[in-house]
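Next come the chains, spelled out residue by residue.
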Amino acid sequence: MSSSRRPTVPRKKRRSSKFRIVIKFLVSLMILAIIGGGIFVGIVAAQTPKWDPSALNDQKQTSYVYDKNNVQIAQLYGGVNRQVVQSSQIPDLVKKTFVAVEDKRFYQHFGIDPIRIIGSAVNDIRSGSAKEGASTITIQLARNAFIEDPTAKTLTRKVQEAIIALQLEHEYTKDEILTFYLNKIFLGQSSFGIQAAAKTYFGRDLNALTPDQIALLAGLPQAPSQYNPYIHPEAAKNRRNIVLGVMKDAGLITASQYDQYKDAPFTYVDTMKQKGGAENTAVSTANYKYPYFIDYVVEELESTYNLTPDQIYSGGLKIYTTIDTKIQSAAESAFADPSNFPQGIDGTKVQGAMTVIDPTSGGILAMVGGREYTTRGLNRAWQSKRQPGSTIKPLAVYGPAIQKGGYFPGTVLDDMPVSYNGGNGKAWTPTDFDTIDKGWKGLITMRYALEDSVNVYAVKLLDLIGVDYGWKFAKDNLGLPLEDKDRVLSLALGTPEVSTLDMASAYGVYANNGVKVTTHAIAKVLDSKENTIISPKILKTRVMKETTAYIINNMLRSVVTDGTAYSARIGDWAIAGKTGTTSLDPNKYGNKSGNPDAWFAGYTPNITGIVWMGYDSDPDGKHYLHNVYGGSYPAQIWKKVMTVALEDQPVQTKFEEPAGIVSGQFDTKSGLLPSSLTPPQFIGTEIAAQGDFPTRVSDVWFQKNVDADNPNILANASTGNVIARTFLNLPNRSPSWIWPASEAPYRPPSEMTGSGTSNDLNSTAPDSTTANSTDPNSNVPNTNTNPQVDPTLSTLPKPSLGQVKYDPKTYTAVIPMTVPSNSENNSTIFYLQRSGQNTIESFPINASHTTKTSISISLSDNGKPPIPGDYIFWAAFQNPNGPGVGPSSGSVKLTITD
């Protein structure tokens, strides 16, 4: 009888056999990996630079710089700012701080720290990145002293660093290694070693440093350029305070010392910045051409590609750049010519900067950072951040509006008073630079607003499209370095801080038809063995529609042909441009007239250039520009440089028009299609992106019947002779606002309830007798015709006017005027409202220099006698410190009967 049980032993043998096979396979893989790793390490070790203790000292090879045509333009060599100190000269707190920050197990490991390596790997796995570093101080010394390309992130380099680190630990004591490291490490601003850095950042020897100063130095090795207090003071302060925290946690300083030093200012750095920068530099003299551009190349090598000055000046590199020497030479000549700058104050020169780029490639063609070069000093072209004024309007307002859709160059907004919540319970009321002198502009188009740089229009438009939209467009699409604090309506007027390099890059997007290209000065870098060690990644990204770029180009072309940038024209070239001027802070300067900054941004289809002008600082409230605007000196420099840049090039007379652009007639007072009532002079032609041209007919015009004998009075049932007049329907305008001259004839009379008559100034029949009055309340003109008065000048006194005398033979009115004491040297503005007119004439009168005088004003009409009626006069003092007028006097009236 057969058994029903299943055999089990053979199954166990099969399982055991499979397990042994897996184990053997894994062991074999491990053996192969060990053998392979050993072979790899052996090969890498054989290629490791030959051990030579002298490498711990300087070995120098000259590096060479080339222009865009591969022509050598400069040599960079030696002369680094290194001041060696002995171990005994290094304070104990310095040593302990660097160890605590860079390698806290320095005295326990043997050059390589396995615990740190494992911890770094675990953190990288957790974070899903490779940001954690595991380099010991010994490895950093090995890298800086012996590795040819210390920026290469390869396994070969890491193995070689480890081998050399072991040799260093075998040859030297820990203190000797730390001393080598502290003398050799690069600490930014061209300073090698802690003694040189102490001089550069604090102007004192190493043994005189305070804990906060030691903390700054110990925080620099991680990113010398990023934490350089000369360039990035806030980042430097934050990094310093992190190190102070490490020092506190390590027991090197007390908690009270931490609180004492965490807010310490960079006093020495601030002082040196006012003088043009740090004294200690990488090259003893700037004996090469184009120093501002070369300095920027060095900065790009340091900050973008993490090369040390040792490599740059002593590594035998071949550095190929984007510079166009013809344009660079023209820019340097323009900045060297005193006639291109206004006269300075107290011997302080008005400074300036310029950046020129190729918008299609992103290459920087020229850069000038000031009028007097100092070696590795302040390069204003990229280091000085200033408010750009109106040059930001195309970047943060008009470009975003066109891109968003629903707007076109004919979009109409009303240039009339407007107020916004300015924060802290205060209203913010933007004004145009010429509102006080020339009055409000009324209904204007986007093109006109851009041509004439109208502030109120720009603010209203940004409010319509949304501050966030304009801010994000300028920041994300155009690359401006905007911050959260810039996300406010005053962004439309240029309150952020930018450099000429920032602005050139942003405007270059428009010149390149909406494609943003990475701005750069370095094309490639070869090492001493002709190996390519740097090859920039140039990104080209479409950031707006082609139609948006074209429309902005077309409007900015108008700014040059018909607007504030008229002086920048160059022959038949298609030039787009924008001027910009900033305002003095009234909290600091009161009612003074002037501006801290003047800008000109201009471009052709193939070159973009930005010019800034102003003082570096104004410590005494006197160093600011007077009567200098973007269209004056800055545009003059731009034109001189660009004329050279464009010579011998085929003239491009227009910006290329893409598909999707339409054009047609529109009503310039509504931004809509003309209606049957639109007067011919208010019908214009404009372009738009397809879909954005208006389709609705204008509704701002209406007709009313008026008395034909007195067309300023509405007709009623008893009017005998009636005609129809066309008026503007603008109910949102306050009756107190003055209408501009072009719109005043279309202002409707004000209807009185239930009477059908008008209370307009001219609806009252003139008196048949001659009368004069000095009563300030008796003949004050209708409030809708009062002259514009700056409310900030309300403290100015008022002149007093006496009885008017009229000479019918010469058609001259003579008005006596009494000037308050201490106002004799104030100039006066006289105002005249003629009979039958809504508009107001103004007459500037020089200072009387006496308390009593008489003013003569001709009332003739092109040599003919004035028409009968009322003539009203009043006056106000001009602001002695700038534009604007104070409160007006009481009015006096002259009535002419025949």
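Residues numbered from 1 in each chain as written. Predicted model: local features only at pLDDT ≥ 70, side-chain atom pairs only at ≥ 80, totals over all residues. Heavy atoms only, no water.

The next subject is the overall build of the chain. Within the chain, the regular secondary structure consists of 24 helices and 32 strands. Across the 898 residues of the chain, 50% fall into the buried class. For the chain, long-range pairs separated by at least 24 residues make up 69% of all intrachain contacts whose partners lie at least 6 apart in sequence. With the model as given, the accessible surface of the chain reaches about 41,500 Å², and the carbon-plus-sulfur share is 50%. (Helix = DSSP H or I, 4+ residues; strand = E, 2+ residues; numbered from the N terminus. Buried < 20%, exposed > 50% of the residue type's maximum accessible area, 1.4 Å probe, protein only. Contact = heavy atoms within 4.5 Å. Areas by Shrake-Rupley, 256 points an atom, 1.4 Å probe, with all protein chains shown as cover.)

This paragraph deals with the sheet that holds strand β23 (residues 722-728). The strands making up a sheet are joined through hydrogen bonds of the backbone, oriented either antiparallel or parallel. Overall, antiparallel pairing links the three strands, which are arranged β22-β21-β23 in an open sheet. One side of each edge strand has no neighbouring strand; the edge strands of this open sheet are β22 (710-714) and β23. Adjacent strand axes in the sheet meet at a mean angle of 55 degrees, parallel and antiparallel pairs treated alike. Sheet analysis places strand β21 (residues 701-707) next to β22, joined by two bridges and oriented antiparallel. Within β22, the position partnered with Asp707 by the bridge is Asn710. (Pairing = 2+ DSSP bridges. Axes fitted to C-alpha atoms, helices over the stretch in contact; angles between N-to-C directions.)

In the structure shown here, the tally under the stated rule is 23 aromatic pairs. Summarising the aromatic geometry, the rings of Phe335 and Phe341 are spaced 5.6 Å apart at their centres and angled 65 degrees between planes, so their arrangement reads as edge-to-face. Phe341 carries the same exposure label as Phe335, and that label is buried. With a centroid separation of 5.8 Å and 65 degrees between ring planes, the pair formed by Tyr603 and Phe655 is classed as edge-to-face. Here Phe655 lies in the loop between α24 (633-646) and β19 (661-667) and Tyr603 lies in strand β17 (residues 597-603), a separation of 52 residues in the sequence. (Phe/Tyr/Trp six-rings, centres within 6.5 Å; stacked < 30°, edge-to-face > 60°.)

As a packed pair, helix α16 (residues 393-404) and helix α22 (residues 546-562) sit with axes 9 Å apart at the nearest point and diverge in direction by 130 degrees. Considered as vectors, α16 and α22 are oriented oblique to each other. At the point where α16 passes α22, the crossing takes the right-handed sense. Facing Pro394, Tyr398, Gly399, Ile402 and Gln403 of α16, the residues of α22 in contact are Thr548, Ile551, Ile552 and Leu556. Its residues placed into classes, the contact of α16 with α22 shows six nonpolar, three polar and no charged. (Parallel < 35°, antiparallel > 145°, perpendicular 65-115°, else oblique. Left-handed = near helix turned anticlockwise from the far one by under 90°. Nonpolar A, V, L, I, M, F, W, Y, C, P; charged D, E, K, R; others polar.)

Running from amino to carboxyl end, helix α21 (residues 500-511) crosses α22 at an angle of 105 degrees, the nearest separation of the two axes being 8 Å. In this view, α21 runs roughly perpendicular relative to α22, as classed from their interaxial angle. Only Ala549, Ile552, Asn553 and Leu556 of α22 make contact with α21, whose side of the interface consists of Tyr507, Tyr510 and Ala511. When grouped by side-chain class, the residues that make up the contact of α21 with α22 number six nonpolar, one polar and no charged.

With that settled, the discussion passes to the environment of Ile829. On the secondary structure map, Ile829 appears in strand β27 (residues 828-833). Overall, the relative accessible area of 9% leaves Ile829 in the buried class. Excluding its chain neighbours within four sequence positions, the residues that come into contact with Ile829 are Ser842, Phe843, Pro844, Trp874, Ala875, Ala876, Gln878 and Val885.

What follows covers the sheet that holds strand β18 (residues 608-614). Read across the open sheet, the five strands follow the order β7-β6-β18-β17-β16; overall the sheet is antiparallel. The open sheet has two free edges, formed respectively by β7 (364-368) and β16 (576-581), since each of these has just one partner strand. Sheet twist, expressed as the average angle between the axes of neighbouring strands with direction ignored, equals 5 degrees. In the sheet, β17 pairs with β18 via seven bridges, with the strands oriented antiparallel. Across the sheet, the residue bridging to Ala601 is Ile610, located in β18.

The side chains of a regular strand alternate, first on one face of the sheet and then on the other. With respect to burial, strand β6 (residues 351-357) is a largely interior element, seven of its seven residues being buried. Burial of β6 is two-sided: the residues Gln351, Ala353, Thr355 and Ile357 facing one way and the residues Gly352, Met354 and Val356 facing the other way are all buried. Taken together, the seven bridges between β6 and β18 define a ladder with antiparallel strand orientation. Within β18, the residue paired with Ile357 across the bridge is Thr608. For β6 and β7, the ladder comprises four bridges, and the chain directions are antiparallel.

Tyr398, Leu461 and Tyr510 are the most contacted members of the largest nonpolar core, which totals 126 residues. Excluding residues within four positions of it along the chain, Tyr510 makes contact with Pro394, Leu395, Gly399, Phe473, Leu478, Met544, Ala549, Ile552, Asn553 and Tyr603. Grouped together as the second largest cluster of nonpolar side chains are 44 residues, Val85, Ile177, Ile185 and Met272 included. (Core = buried A, V, L, I, M, F, W, Y, C linked by side-chain atoms within 4.5 Å.)

Once that is clear, we can look at the side chain of Thr547. Mapped onto the fold, Thr547 is located in helix α22. The class of Thr547 is buried, set by a relative accessible area of 11%. Setting aside anything within four residues of it in sequence, one finds Thr547 in contact with Pro658, Ala659, Gly660, Ile661 and Ala689.

Where charged atoms from two side chains of opposite charge come close, those side chains can pair. Evaluated as defined, the whole model comprises 24 salt bridges. Between Lys174 and Glu169 there is a salt bridge whose closest N-O contact spans 2.9 Å. The same class applies to Lys174 and to Glu169, which are both buried. Three or more residues joined by partner-sharing salt bridges are found here, namely Asp414, Lys669, Arg733 and Glu743. (Salt bridge = Lys/Arg side-chain N within 4 Å of Asp/Glu carboxyl O.)

Attention now goes to the pairing of strand β5 (residues 318-321). Two strands pair when backbone bridges link them, and strand β1 (residues 63-66) and β5 are joined in this way by three bridges, in the parallel orientation. Paired with Val65 across the strands is Ile319, a residue of β5. Sheet analysis places β5 next to strand β13 (residues 522-526), joined by four bridges and oriented antiparallel. Among the inter-strand pairings, Ile319 is bridged to a residue of β13, identified as Val525.

Here we take up the confidence of the model for the chain. Across the chain, the average pLDDT comes to 84, with 81% of residues at 70 or higher. Of the regions scoring below 50 in pLDDT, residues 128-132 engages in six contacts with residues more than four places distant in sequence or in other chains. (pLDDT = per-residue confidence, 0-100.)

On to helix α19 (residues 455-465), then. Counting buried positions over the eleven residues of α19 gives nine, a clear majority of the element. For α19, the full list of buried residues reads Asn455, Val456, Tyr457, Ala458, Val459, Lys460, Leu461, Leu462 and Ile465. One or two positions beyond α19, positive phi appears at Gly466, with a value near 100 degrees.

The phi dihedral of Glu530 falls on the positive side, at around 70 degrees, and the residue is not glycine. Mapped onto the elements of the fold, Glu530 is located in the loop between β13 and β14 (532-534). For Asn822, which is not glycine, the phi torsion reads 75 degrees and is therefore positive. You can see Asn822 is positioned in the loop between β26 (812-818) and β27. Accessibility expressed as a relative area gives 73% for Asn822, which makes it exposed.

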